[in-house]
Amino acid sequence: RRRRPGTTSQSLASSQRKGDEPRHGTFSYFARGAHERSHDPDDYLLMHQKKQRLAEYDVLLRKFRYGDALDAVLAKRQPQAVIAVIEELGKRRGLTIALSNRDEESLDAILSFTIRFIDNPQYTPHLLGVSHILCDVYGSLHGQSAAVDELFVKLREKVANECGVQRMLLRLLGQIDFVMAAAAEE
């Protein structure tokens with residue numbers, strides 16, 4: 001860089017200290033005022049927020065790749081996230097699409113998840129719909145894969161067991177109502 005005649009490096013440094021603006025394109029120009037405090041208590045301070053990255057299954061949902069999104073969330077092994085994706089697929093009417101055309105491995109993953117959590121009251125409404133769709137789509141393939149047939153039998157047993165428990169609880173509730181009504185009469 002060429003200097004003007006009659007200027008020295010000391011005079012350049014002193015001009016910087018006097019409060020002149022830093023040169024355009026330098027880091028000091030970019031960072032000027034970043035560490036200044038507001039003198040007025042009524043001023044608002046806006047913080048820069050980083051853009052939040054979407055999860056892999058959210059990106060796949062945005063691309064309408066429903067089956068891949070369901071596989072990705074099942075790999076995470078987080079039940080709340082799986083149920084959220086199933087719920088979103090239900091809203092988009094893509095649950096049947098996501099559950100169709102699965103190989104034995106991916107069908108094993110969704111069936112295992114359904115068997116594990118179908119008796120959880122938080123997840124039951126969503127997983128009942130999933131199990132109905134699985135039975136509709138893959139019911140005709142009975143006998144082709146021993147592993148898948150075994151999982152469907154486990155699912156049927158788990159649902160039958162839960163229905164028996166619910167019947168027993170309804171009987172117990174009726175008995176409690178009868179005792180409460182008899183106690184109220186006395």
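Residues numbered from 1 in each chain as written. Predicted model: local features only at pLDDT ≥ 70, side-chain atom pairs only at ≥ 80, totals over all residues. Heavy atoms only, no water.

Would you take a moment to explain the packing of aromatic side chains for this structure?
Working definition: an aromatic ring pair is given by the centre-to-centre distance plus the angle between the planes. For the structure on display, the rule yields four aromatic pairs. Arranged with centres 6.4 Å apart and planes meeting at 45 degrees, the rings of Phe27 and Phe30 form a pair that is tilted. Of this pair, Phe27 and Phe30 both sit in helix α2 (residues 27-30), three residues apart, which is roughly one turn of that helix. For the pair Phe27 and Phe30, one class covers both residues: exposed. For the ring pair Phe113 and Phe117, a centre distance of 4.9 Å and an interplane angle of 45 degrees mean the geometry is tilted. Highlighted residues: Phe113 and Phe117, both in helix α7 (residues 104-117), separated by four residues, approximately one helical turn. (Phe/Tyr/Trp six-rings, centres within 6.5 Å; stacked < 30°, edge-to-face > 60°. Helix = DSSP H or I, 4+ residues; strand = E, 2+ residues; numbered from the N terminus. Buried < 20%, exposed > 50% of the residue type's maximum accessible area, 1.4 Å probe, protein only.)

Would you explain the side chain of Asp149 in this entry?
Position of Asp149 relative to the elements: it lies in helix α9 (residues 146-185). Here Asp149 occupies a buried position and makes no salt bridge, while the nearest side chain of opposite charge, Arg156, is found at 11 Å. Ignoring anything within four residues of it in the chain, the contact list for Asp149 reads Leu141, His142, Gly143 and Gln144. (Lys, Arg positive; Asp, Glu negative; His and termini not counted. Salt bridge = Lys/Arg side-chain N within 4 Å of Asp/Glu carboxyl O. Contact = heavy atoms within 4.5 Å.)

It is not clear to me how the side chain of Ser145 should be interpreted in this structure. Could you clarify?
Here Ser145 shows up in the loop between α8 (124-138) and α9. We classify Ser145 as buried; its relative accessible area is 15%. A polar contact of 3.1 Å, which involves the side chain of Ser145, links it to the side chain of Glu104. (Polar contact = N/O pair within 3.5 Å; in protein donor to acceptor, adjacent residues only side chain to side chain.)

Is there a simple way to think about helix α5 (residues 79-91) in this case?
Because an α-helix packs 3.6 residues into every turn, residues spaced three or four apart end up facing the same way. With 13 residues, α5 extends 18 Å between its outermost C-alpha atoms, agreeing within 8% with the 18 Å of an ideal straight helix rising 1.5 Å per residue. Regarding α5, the residues found buried are Pro79, Ala81, Val82, Ile83, Val85, Ile86 and Leu89. Buried residues in α5 make contact with α3 (56-62), α4 (66-76), α6 (95-99), α7 and α8. Count one or two residues on from α5 and you reach Arg93, which has phi positive near 60 degrees. (Expected span 1.5 Å × (residues − 1).)

Can you walk me through α8 in this structure?
Along its 15 residues, α8 runs 20 Å from first to last C-alpha, staying within 8% of the 21 Å computed at 1.5 Å per residue. Along α8, the residues that are buried comprise Leu127, Val130, Ser131, Ile133, Leu134 and Tyr138. Looking down the long axis of α8, one finds its buried residues gathered within 165 degrees of arc, a one-sided arrangement. Turned more than 90 degrees off the buried face of α8, the exposed positions are Pro125, His132 and Asp136. (Arc of directions from axis to C-beta.)

I would appreciate a short explanation of the pattern of salt bridges in the present structure.
Counted according to the given criterion, the structure contains six salt bridges. Between Asp71 and Arg102 there is a salt bridge, with its nearest N and O atoms 2.6 Å apart. One end of the pair, Asp71, is in helix α4; the other, Arg102, is in the loop between α6 and α7, and 31 residues separate them in sequence. What makes Asp71 partly exposed here is its relative accessible area of 32%. Where Lys158 meets Asp119, a salt bridge forms, and the shortest distance between an N and an O atom there is 3.7 Å. In this pair, Lys158 sits in helix α9 while Asp119 sits in the loop between α7 and α8, placing the two residues 39 residues apart along the sequence. Residue classification places Asp119 among the partly exposed positions, given a relative accessible area of 32%.

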